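Working through the structure, step by step
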Amino acid sequence: METSAPRVLLRSLLLSYVLSGILLIVTSFALYKFRLKEAQVKMAVNAIYLLSCGLAGFLMGKGLKRQRFFCGLSAGLAYFLILLAVSFVINKGLASDTAQLLTALALCTGSGIIGGVSS
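The paragraphs below set out a description of the structure included in this document. All values derive from a computational prediction rather than experimental measurement.

Below, the discussion takes up the pattern of salt bridges. Counted according to the given criterion, the structure contains 1 salt bridge. A salt bridge links K42 to E38; its shortest N-O distance comes to 3.7 Å. Of the two residues, K42 and E38 are both situated in helix 2 (residues 38-64); the distance of 4 residues between them amounts to about one turn of the helix.

A word on the side chain of T27. When you line up the elements, T27 lands in helix 1 (residues 5-34). Its relative accessible area of 12% is what places T27 among the buried residues. Filtering out sequence-adjacent residues up to four positions away, T27 remains in contact with A44 and I48.

The next thing to look at is helix 2. End to end, helix 2 covers 39 Å across 27 residues, agreeing with the expected 39 Å (1.5 Å per residue, within 8%). By the burial criterion, the buried members of helix 2 are I48, Y49, S52, C53, G54, A56, G57, L59, M60, G61, G63 and L64. Buried residues along helix 2 sit against helix 1, helix 3 (68-91) and helix 4 (98-117). Of the residues flanking the end of helix 2, it is K65, one or two places downstream, whose phi is positive at about 60 degrees.

Attention now moves to the environment of I25. Turning to its location among the elements, I25 is positioned in helix 1. When its relative accessible area of 58% is taken as the criterion, I25 is described as exposed. In this structure the C-alpha to C-alpha distance between I25 and S4, which are 21 residues apart in sequence, comes to 32 Å.

Conventions adopted
- Residues numbered from 1 in each chain as written.
- Predicted model: local features only at pLDDT ≥ 70, side-chain atom pairs only at ≥ 80, totals over all residues.
- Heavy atoms only, no water.
- Salt bridge = Lys/Arg side-chain N within 4 Å of Asp/Glu carboxyl O.
- Helix = DSSP H or I, 4+ residues; strand = E, 2+ residues; numbered from the N terminus.
- Buried < 20%, exposed > 50% of the residue type's maximum accessible area, 1.4 Å probe, protein only.
- Contact = heavy atoms within 4.5 Å.
- Expected span 1.5 Å × (residues − 1).

If you want it as structure tokens, here you go:
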């Protein structure tokens, strides 16, 4: 039985956001316990993007077993767009500058592609 792409994408994104939540809780605990600097927190958030989008791309590529490059790309892009939409709603506009947005987009899509290709 063929698995549908939207179902695989939703499952992949759900698991990647669960991973993001767990890693953000760990990061917030580390921030509290070790009084991390802002640069260290930004690095941790970027690492969370890399791990979560890589997982989403990997799961999407594993689930569909075809066109893994585009599976990873779509998973990373979907992760970024959902993140951007939630941030837009919460902040009532874009809170970050263009360089930060482009960096997050590159991290999400790039690691999604790597995850998809490696699946």
